[in-house]
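Residue-level structural notes
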Amino acid sequence: LPAFRDPQLFIKDLHFDEVPVRIYTPKVPSTSKRRGIIFFHGGCGIFGSIRSHERICRYIARKSDSVLVSVGYRLSPEHKYPAQSQDCLAAAVHFLKTAENYGVDPHRIIICGDSVGGTFTASVCQELVKRRDLPRIRAQVLIYPFLQALNFNLPSYQKNAFTVFLSRERTVHFMLKYLNKDCATKDAILAGSHVPESISLKYRKWINPDFIAEAFKSGYQPPLPNTFLPHIHEETKELFKTRLSPLLAEDSVVCRLPDACIITCEHDVLRDDGLLYKKRLEDNNVKVTWLHVEEGFH
């Protein structure tokens, strides 16, 4: 569908390396190159589109006087995982290489995304720190991101287990749909039976309810020990890859990441993902701005 008209923006549909994008450029002339924003929409990797996030993208472009590129990555299950994150990376690389063609300073580009778009933002930033042939991303903005698939019993998952729209059960259901996995494994994953003890111990230094402030742990009950099921682990090994769980990236990667802005919401199962990533970044001397929306929903 074509873009809405906007009196303050030029809006154009293009393709970056065959990935559909929509570019929003302020109409007011600029005396210097503008900032650039790459935006990845949410929707669990199976919903959403450039059009569904049209209003927020226009708002951000206008208010920040920036050139914004909204990425229309392919959706699962029609396009098999990991086509979605591959599209996001390809579009980001293309824009970094050609930013000046759009009046953008290539050293003033941020990546932003909500929900799974936050997942793509984190994973793309992690991939780009390995690229010395490209300008460095200036900052990353993670809006209630999904960042780990190991522990679905963190305090925020317990507190918001039955919250409208994105419940604990729905989170795992949509994740499995996105990965084209058997949804019959959902209950075992919710219980943590997909995580062998060795992996649980390895990542406890990063994914641990002890790192969540007491103010966010009202009513929290440590879960009962789970029974590890090897066949579930074999079917869901992708859950431990940083493409899906950026919180599991090694310190050697995290310490090189750009400044971050992390937005969390009170009534959101994913709240603690954001809090734990905030701690990881800060522990690695990455500057973090944190905004918590009390009474906010995913």
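Residues numbered from 1 in each chain as written. Predicted model: local features only at pLDDT ≥ 70, side-chain atom pairs only at ≥ 80, totals over all residues. Heavy atoms only, no water.

**What about the pattern of salt bridges?**
We count it as follows: We define a salt bridge as a contact between a side-chain nitrogen of Lys or Arg and a carboxyl oxygen of Asp or Glu at a distance within 4 Å. Elements are defined by DSSP. Helices are runs of H or I of four residues or more, strands are runs of E of two residues or more, and each kind is numbered from the N terminus. The rule is simple: take the accessible area with a 1.4 Å probe, protein chains only, and divide by the maximum for that residue type; under 20% is buried, over 50% is exposed, in between is partly exposed.
If you walk through the whole model with that rule in mind, you get 18 salt bridges. Of the charged contacts, one joins Glu-54 and Arg-58 as a salt bridge, the two residues approaching to 3.6 Å between their closest N and O atoms. Here Glu-54 pairs with Arg-58, and both are found in helix α1 (residues 54-64), just four residues apart, close to one helical turn. For Arg-58, a relative accessible area of 13% puts it in the buried group. A salt bridge links Asp-283 to Lys-279; the nearest nitrogen and oxygen atoms lie 2.7 Å apart. In this pair, Asp-283 and Lys-279 are both assigned in helix α10 (residues 271-283), four residues apart and thus about one turn of the helix distant. Take Lys-279: its relative accessible area is 29%, and that puts it in the partly exposed class. When salt bridges that share partners are traced, they join Asp-6, Asp-13, Arg-22, Glu-54, Arg-58 and Arg-62 into one network.

**As for the pairing of strand β4 (residues 67-71)**
Applicable threshold: At least two bridges found by DSSP between two strands are what make those strands a pair. Here a crossover is taken to be right-handed if, once the strands point away from the viewer, the path from the first strand over the helix to the second is traced clockwise.
For β4, a buried count of five out of five residues is recorded, marking the element as mostly surrounded by other parts of the structure. Residue alternation in β4 divides its side chains into two sets, Val-67, Val-69 and Val-71 and Leu-68 and Ser-70, and both sets are buried. Here strand β2 (residues 19-26) runs beside β4; their pairing, made up of four bridges, is antiparallel. Within β4, the residue paired with Arg-22 across the bridge is Ser-70. Where strand β3 (residues 34-40) and β4 come together, five bridges link them in parallel fashion. Bridge pairing links Gly-36 to Val-67 in β4. On the question of chirality, the crossover connecting β3 to the parallel β4 by way of α1 is right-handed.

**A word on the packing of aromatic side chains**
Quick note on the threshold: Stacked, tilted and edge-to-face are the three classes assigned to paired rings of Phe, Tyr and Trp, where Trp is represented by its six-membered ring and a pair needs centres within 6.5 Å; plane angles under 30 degrees give stacked, over 60 edge-to-face, the rest tilted. A positively charged side chain is recorded as over a ring if its NZ (Lys) or CZ (Arg) lies within 6 Å of the ring centre. The angle to the ring normal must also be within 35 degrees.
According to the stated counting rule, one finds nine aromatic pairs in the structure shown. Relative to Tyr-178, the ring of Tyr-81 has its centre 5.2 Å away and its plane inclined at 80 degrees; by these criteria the two rings are edge-to-face. On the criterion of sequence distance, the pair formed by Tyr-81 in the loop between β4 and α2 (83-98) and Tyr-178 in helix α5 (residues 168-179) is long-range, its members being 97 residues apart. Taking relative accessible area as the criterion, Tyr-178 reaches 4% and is therefore assigned buried. Centre to centre, the rings of Phe-152 and Tyr-157 are 5.4 Å apart; their planes meet at 80 degrees, and the pair counts as edge-to-face. Assessed through its relative accessible area of 0%, Tyr-157 is described here as buried. By way of ring pairs, the aromatic residues Phe-16, Phe-95 and Tyr-102 are connected into one cluster. Of note, Lys-27 hangs over the ring of Phe-10, and the distance from its end group to the ring centre comes to 5.5 Å. Between the NZ or CZ atom of Arg-280 and the centre of the ring of Trp-206, over which it lies, the distance is 3.6 Å.

**Regarding the pairing of strand β5 (residues 104-114)**
Most of β5 sits inside the fold, with eight of its eleven residues counted as buried. Sheet analysis places β3 next to β5, joined by six bridges and oriented parallel. Following the sheet pairing, Arg-34 is matched in β5 by Val-104. Handedness of the crossover joining β5 and strand β6 (residues 139-143) through helix α3 (residues 116-128): right-handed.

**Re the domain arrangement of the protein**
Heads up, the condition is: Note that domain bounds follow an automatic or database assignment of domains. Any two residues whose heavy atoms approach within 4.5 Å are treated as being in contact. Accessible area that two parts lose when put together, with a 1.4 Å probe and added across both, is what the buried area reports. Each polar contact in these results corresponds to two N or O atoms within 3.5 Å; when the atoms are within protein, one needs to be able to donate a hydrogen and the other to accept it, and residues that are neighboring in sequence are counted only if both atoms are side-chain atoms. For this scheme, ten residues count as nonpolar: Ala, Val, Leu, Ile, Met, Phe, Trp, Tyr, Cys and Pro. Four count as charged, namely Asp, Glu, Lys and Arg, and the remainder, Gly too, count as polar.
Here the protein is described as being made up of domain 1 (9-143) and domain 2 (155-240). Using C-alpha coordinates to define each centre, domain 1 is positioned 29 Å away from domain 2. Contact with domain 1, which involves ten residues of that partner, is made by six residues of domain 2. Between domain 1 and domain 2, a total of about 770 Å² is buried, with carbon and sulfur atoms accounting for 64% of that surface. Summed over the three residues of domain 1 that lose the most area to domain 2, namely Cys-44, Ile-46 and Tyr-81, the buried surface amounts to 60% of that side. There are zero salt bridges connecting domain 1 and domain 2. Remark: the boundary between domain 1 and domain 2 carries three residue pairs in polar contact (both at pLDDT 80 or more). Of the residues belonging to the side of domain 1 that touches domain 2, the class tally is six nonpolar, three polar and one charged.

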